Amino acid sequence: MSSRTVPHLRNVAIVAHVDHGKTTLVDAMLKQSGAVRAGSAADVDRVMDSMDLEREKGITILAKNTAVRWASPSGEEIKFNIVDTPGHADFGGEVERALTMVDGVLLLVDSSEGPLPQTRFVLRKAIERNLPVVLAINKIDRPDARIDEVVDEVASLFLDLAIDDSHLEFPTIYCNARAGTATTDLAVEGTDLQPLFRTLAEHVPAPTHDPDHPFAALVTNLDASPYLGRLAMCRVAHGYVKRGQSVAWCRLDGTVSTVKLSALFATESHERVETEEAGPGEIIAVAGIEEVTIGETLADPVDPRPLPPVTVDEPSLSMTIGINTSPLSGRSGKKLTARLVKGRLDAELIGNVSLRVHPTDRPDQWEVQGRGELQLAVLVEIMRREGFELTVGKPQVLIREIDGVRCEPVEHVTVDAPEEYLGAITQLLSVRKGRMASVAPQGSGWVRMDWRVPARGLIGFRTEFLTETRGTGVLHHVFDGWEPWAGEIRVRPTGSIVADRSGPATSYAIESIQERATLFVGPGAEVYEGMVVGENSRAEDMDVNICREKKVTNIRASSADEFVKLVPPKQMTLEQSLEFIADDECVEVTPAVIRLRKLALDQTQRARLRKQAKDRG
């Protein structure tokens, strides 16, 4: 096989831990290359974060590609196809897909925080694909930057993950993404990103292809156009393709059919532009194949040769999603039926290769499996904003039998916190069957701890962790393999306050309940029997009449003019609600409100189920 390169192209993925500056760096690259003009509609912070949820949470959820053109010192113009990937391990499927589209990786690491669990995750994926890595130490202007130590930590990480000696050689560049500067020597202050472009051009190889191989392109992502329908995002491996050309569509089931491409797009800046032809190494979008899905191949109709499909890690967490069955269903949502919910879940599977959907014993409920709580919570939040009303169950870890042993997923947890909370954190994680791997001082009174903790021990842990550390602690975790079942873990020491009847909550009832509970509802809120309205300070559940009104008499009381002093209710986000609920509870999700409730609403039925569980236990 003979191979040729495409010298004017570089395909690069930017990978990093959450909030280490990937999207900010891409913004600076777009602006300095002239792809985004000052004052234009695209001249905004985090132009690559196109989803509302991405802007609200400040994280990248979907991998997206952009393109910038750079004139090298020799006068040659090089086009960089840049893929901005998510930093959170829950969206690892997006990272793995992105790495199939590129020939090199820019690894971004915060100059103060250093490599964290997701840094290890994305770097491991890059090394597994044998991709060359350029290390960029970002945020070098931070007052708490420890650049030399971070470079040493990253070198140790490479040493730990390297498959062969070539992986231990990587160039290092120092960036301030917010200011748009980079330098290869800390003694020389950077003025722009030219050193970064030059380093990428020198160390990321140009795409290679076989000139004798017929056209072949792998579908790595999907998008949609209101005018053209489904768009297939592809990396052209070999050959050339033209707009309007007929191609062979090689499906995952092995069948092959001929289809005609109605449109062909390439990426320029942050936009897709229609093009007449695309060649090897180019990242394109094509229209005209309505049923195409990720992992399939578009090939020459005369000599179709399928490419290896995209493979991703298996899910480790699941939860049930079904229609809203509460007495208040249909108040704010427009999409309420099982058919609509199932159709939406099936549509999500088309573009999200890391999700699985399985039927349950109920026709209006499905088990959705994913990488983590955040990934599943984002899916539910998107559906909520689309007008769905849902009932969402408690996240559960997936159990796997390995060599006849019952095993569960284990997470690598990194904790940064003030030294004074070291004992409290150790106690919290030890109760959850965690094992400390290392502890090291970080300077300024802070300490970093590494733990291995069963994934089910981390469900509901984040809220408790932030409470114990007074909001100062920073927690990161990533999937780290399977281990034998660790035994029973009691993750929630408190019980629930449950409404025993339907009606509006009253100030009079709330005043008497709030002394021994943290309430989630305020006066006037509509409640129903079986709805969780608060958190009990004791371990058991407590049924209350939160709708009780003060009896009216014709006798004037001396306290008639006193104001009722109420504690504001605790507002629970979707992620906090999923973390909080017990095994016999679920979350009612509607476009207007999020409520917590018992699976069995009837008080008598719940008492009978508790008795049966006690007799079995």
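Everything here concerns the structure above.
Described below are features of the structure shown in this document. (Residues numbered from 1 in each chain as written. Predicted model: local features only at pLDDT ≥ 70, side-chain atom pairs only at ≥ 80, totals over all residues. Heavy atoms only, no water.)

1. Structural notes on helix H9 (residues 422-431)
Thinking step 1. Listing the buried residues of H9 in full gives Ile425, Leu428 and Leu429. Down the axis of H9, the buried side of the element spans an arc of 90 degrees, and every buried residue falls inside it. The exposed residues of H9 that point more than 90 degrees off its buried face are Gln427 and Val431.
Thinking step 2. Check the buried side of H9 and you find it contacts strand S26 (405-418), strand S28 (446-454) and helix H10 (461-468).
Thinking step 3. The first or second residue beyond H9 is lysine 433, which carries a positive phi of 65 degrees. (Buried < 20%, exposed > 50% of the residue type's maximum accessible area, 1.4 Å probe, protein only. Helix = DSSP H or I, 4+ residues; strand = E, 2+ residues; numbered from the N terminus. Arc of directions from axis to C-beta. Contact = heavy atoms within 4.5 Å.)

2. Topic: the packing of H9 against H10
Thinking step 1. Two numbers describe how H9 lies on H10: the axes approach to 10 Å, and their chain directions differ by 160 degrees. With respect to H10, the axis of H9 lies roughly antiparallel. The way H9 lies across H10 gives a crossing that is right-handed. Across from Ala424, Ile425, Leu428 and Leu429 in H9, the residues of H10 making contact are Phe461, Glu464, Phe465 and Glu468.
Thinking step 2. Residues that form the contact of H9 with H10 fall into these classes: six nonpolar, no polar and two charged. (Axes fitted to C-alpha atoms, helices over the stretch in contact; angles between N-to-C directions. Parallel < 35°, antiparallel > 145°, perpendicular 65-115°, else oblique. Left-handed = near helix turned anticlockwise from the far one by under 90°. Nonpolar A, V, L, I, M, F, W, Y, C, P; charged D, E, K, R; others polar.)

3. Quick word on the environment of aspartate 103
Thinking step 1. Mapped onto the elements, aspartate 103 comes out in the loop between helix H3 (92-99) and strand S5 (104-110).
Thinking step 2. In the structure, aspartate 103 is positioned 90 residues away from alanine 13 in sequence and 8.2 Å away in space, judged by C-alpha atoms.
Thinking step 3. The residues touching aspartate 103, leaving out its near neighbours within four places in the chain, are Asn11, Leu131, Pro132, Val204, Pro205, Pro207 and Arg235.
Thinking step 4. Polar contacts involving the side chain of aspartate 103 include one to the side chain of arginine 235, which spans 3.1 Å. (Polar contact = N/O pair within 3.5 Å; in protein donor to acceptor, adjacent residues only side chain to side chain.)

4. So, the sheet that holds strand S10 (residues 216-225)
Thinking step 1. Spatially, S14-S13-S19-S10-S11-S18-S15-S16 is the arrangement adopted by the eight strands of the open sheet, whose pairing is antiparallel. Edge positions in the sheet fall to strand S14 (256-260) and strand S16 (271-274), since each has one partner strand and no second. For this sheet, the mean angle separating the axes of adjacent strands, direction not counted, is 40 degrees.
Thinking step 2. Pairing of strand S13 (residues 246-250) with strand S19 (residues 297-299) involves three bridges; the strand directions are antiparallel. The partner of cysteine 250 across the bridge, within S19, is threonine 297. (Pairing = 2+ DSSP bridges.)

5. Points about the pattern of salt bridges
Thinking step 1. Taken as a whole and judged by the stated rule, the model has 27 salt bridges.
Thinking step 2. Of the charged contacts in the structure, one is a salt bridge between lysine 598 and glutamate 585, with a shortest N-O distance of 2.8 Å. Placement of lysine 598 in strand S37 (residues 594-598) and of glutamate 585 in strand S36 (residues 585-589) is noted, with a sequence separation of 13 residues between them. Comparing lysine 598 with glutamate 585, the two get one shared label, buried.
Thinking step 3. Within this structure, Asp110, Lys139, Arg142 and Asp144 form a network of salt bridges that share partners. (Salt bridge = Lys/Arg side-chain N within 4 Å of Asp/Glu carboxyl O.)

6. Brief notes about the pairing of strand S30 (residues 495-499)
Thinking step 1. Extensive coverage of S30 is indicated by the burial of five of its five residues.
Thinking step 2. Sheet topology note: the S30/strand S34 (residues 531-536) ladder contains four bridges and is antiparallel. Among the inter-strand pairings, isoleucine 497 is bridged to a residue of S34, identified as glycine 534.
Thinking step 3. Bridge analysis of S30 against strand S35 (residues 542-544) gives three bridges, and the strand direction is parallel. From the neighbouring strand, alanine 499 faces S35, where its bridge partner is valine 544.

7. Regarding unusual backbone geometry
Thinking step 1. The residue asparagine 130 is not glycine, and still its phi comes out positive at about 60 degrees.
Thinking step 2. Note that asparagine 130 resides in the loop between helix H4 (117-128) and strand S6 (133-138).
Thinking step 3. A positive phi angle, close to 65 degrees, is found at lysine 433, a residue other than glycine.
Thinking step 4. Its relative accessible area of 34% is what places lysine 433 among the partly exposed residues.

Note that all results are geometric; they support no functional claim without further evidence.
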